[in-house]
Amino acid sequence: MTQPKKTAFYDLHVKNGAKIVEFAGYLMPIQYQGIIEEHRRVRSTVGLFDITHMGEFEVWGKDAEKFIQRMTTNDVSQLATYQVQYSCMCYEEEGIVDDLLVYRLPDHFLLVVNGACLDKDFKWLSDHLSGDVELKNVSDETALLALQGPKAELVMKKLTDVNLSDLKFYWATKGKVGGIEMLFSRTGYTGEDGFELYFSPAVAEKMWNALMEAGKEFNIEPIGLGARDSLRLEMKYMLYGNDIDQTTNPLEAGIGWIVKPDKGDFIGRGPILKLKNEGLKRKLVAFEQLDKAFPRHNYEIQKNGKKLGEVTSGTFSPSLDKGIGLGYVPVEYSQIGTELDIMIRNKPNRAVVVKTPFYQHATHK
Amino acid sequence: MEAKVVIKDDLKYTKEHEWLKLTGDVATMGITDYAQKELGDVVFVELPEVGREVEQMKSFGTIEAVKAVSDIFSPVSGKVMEINAKLSSQSNLINSDPYGEGWIIKIKIKNPKEIDTLLAPAEYRKLVGG
């Protein structure tokens, strides 16, 4: 076992009373004051997340675009400089390697992958290098903070001269924030307006303090991974390892919009086209519990005593004040309004398939 | 720093992090401050019916927190005399006042000898490293 790493913000988390857990090889804050309070703070005002555990790879070279086109499902040729794209990498035969963000920067690309998949992804990409392409893992040289919430722009405004109203959702820019030159984008994993900031770990504490200070008048607080998970689930954003993995297809997961088979060949195109032609057999559905019950990862989904599938993600939803979850079921049970039973401690608990996002009032631009 | 775990001197404890307070032959129980901190925000408590017999160190209910679910074990055997009805609408009392308003059930003790098997405050403190 390798020792878990500490992000450059670790001491700040401890000082702020965080409960620390090991996640993706890092000692990360799962919560500070409480998940529900942190969740509501992000929905109502603003919060600051350390997400340095995410992996960052740079792709350089004349053939970088060609390489990313081949490795990912979305169409990189449609990406303008400084634009960001949600995408995924698939295996040749079946399944998803990881979901990721692709940034087109003036002279190279930046790929942002899940921390828990970092080593696997780097190997996968390295094994498929061809042409004039250089792949660099810059994860250890990159600190990453997410500032999220309806007041995030007002906080950023105090720290940067960049005209933020020109920075649209899923666009990035280079500029000074709190006096430090960095890359930042209008992106996030909460559904709220917000920014993700990439900078050197050497200035980590300075950046953290600048953001916390600027956010003070909006009651900013640090937010842990617990609330990050409940916030993303209310938006039906995928969590790799739960909702998507090496056994699932992007079409079944409902992220077919990031799959562009018409762009030409890419790894995993075959199985995707085959599924498209044959039609989906199962689908990832979103459901709400009708009674006070809380679905959890791996709980069985049933209908009339027959197993349909399993819950991939489930939680108490602080915004809806009820249990919500995702899970794969045969397509004939995927219609909105379909009643399902979630098996909790051997007892069926009524749930109903709902439209998503679960939370309908998010502020992302 | 993370707030210190509160352990009360006038209670008995289980290694599953329940507490027990004796008043004659009736005992009140709940989960400890350590347990509520570990669980995080409690959103639902599944309680037994009044009159039901519970057995020592057998699960009689569950606590659902945002991120985790946990069984509740009975520190002693006996009959459930009363349940904390407030928990059905204010389950977070377990977080805000685990030894007071966040109590879970009252049990009519069947076998007083079982109490000797519970942990004293100092022993429990050792267990949780408090």
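Refer to the structure above for everything that follows.
Here the residue numbers are simple positions, counted from 1 along each chain's written sequence. Going through the entries in the order they are written, you letter the chains from A and number the ligands from 1. Whole-chain, interface and lining totals are the exception, using all residues; otherwise, since this is a predicted model, local features are given only for residues with pLDDT of at least 70 and side-chain atom pairs are given and counted only at 80 or more. Only hydrogens and water are set aside; all other atoms, that is, all heavy atoms of the structure, feed into the side-chain values.

**Brief notes about the interface of chain B and chain A**
Only heavy atoms matter for contacts: two residues are in contact if any of them lie within 4.5 Å across the pair. The interface is formed by 18 residues belonging to chain B together with 22 residues belonging to chain A. By convention, the term buried area covers the 1.4 Å-probe accessible surface removed from two parts as they join, with the contributions of both added. Interface area lost by chain B to chain A is led by Val43, Val66 and Lys67 of chain B, which between them contribute 35%. When a carboxyl oxygen of Asp or Glu lies within 4 Å of a side-chain nitrogen of Lys or Arg, that pair is called a salt bridge. Put simply, chain B and chain A have five salt bridges between them. Here a polar contact is recorded for every N or O atom pair within 3.5 Å, except that within protein the pair must consist of a potential hydrogen donor and a potential acceptor, and residues adjacent in sequence are included only if both atoms are side-chain atoms. Applying the counting criterion to the chain B and chain A interface returns 12 residue pairs in polar contact (both at pLDDT 80 or more). Elements with a minimum of two residues in the side of chain B that touches chain A: α1 (33-39), β4 (42-46) and β6 (59-65) of chain B. When its residues are assigned to classes, the side of chain B that touches chain A shows eight nonpolar, three polar and seven charged. Each helix corresponds to a stretch of at least 4 residues labelled H or I by DSSP, and each strand to a stretch of at least 2 residues labelled E; elements are numbered beginning at the N terminus. Under the scheme applied, nonpolar residues are Ala, Val, Leu, Ile, Met, Phe, Trp, Tyr, Cys and Pro; charged residues are Asp, Glu, Lys and Arg; polar residues are all the others, including Gly.

**With respect to the pattern of salt bridges**
Taken as a whole, this structure holds 29 salt bridges over all chains when the rule is applied. A salt bridge links Asp291 of chain A to Arg350 of chain A; the nearest nitrogen and oxygen atoms lie 3.5 Å apart. With Asp291 of chain A in the loop between β15 (282-289) and β16 (300-303) and Arg350 of chain A in strand β20 (residues 347-353), this pair connects stretches of sequence that are 59 residues apart. A 1.4 Å probe rolled over the protein chains alone gives each residue an accessible area, and that area as a share of the maximum for its type sets the label: buried under 20%, exposed over 50%, partly exposed in between. On the basis of relative accessibility, which here comes to 39%, the residue Asp291 of chain A falls in the partly exposed class. In this structure Arg350 of chain A comes out as partly exposed when scored by relative accessible area, which is 39%. Among the ionic pairs, Lys106 of chain B bridges to Glu82 of chain B, the shortest N-O distance being 3.9 Å. Taken together, the residues Lys106 of chain B in strand β9 (residues 105-109) and Glu82 of chain B in strand β8 (residues 78-83) connect sequence positions 24 residues apart. One continuous salt-bridge network, built from bridges that share partners, spans Arg296, Arg345 and Lys347 of chain A together with Glu46 and Glu64 of chain B.

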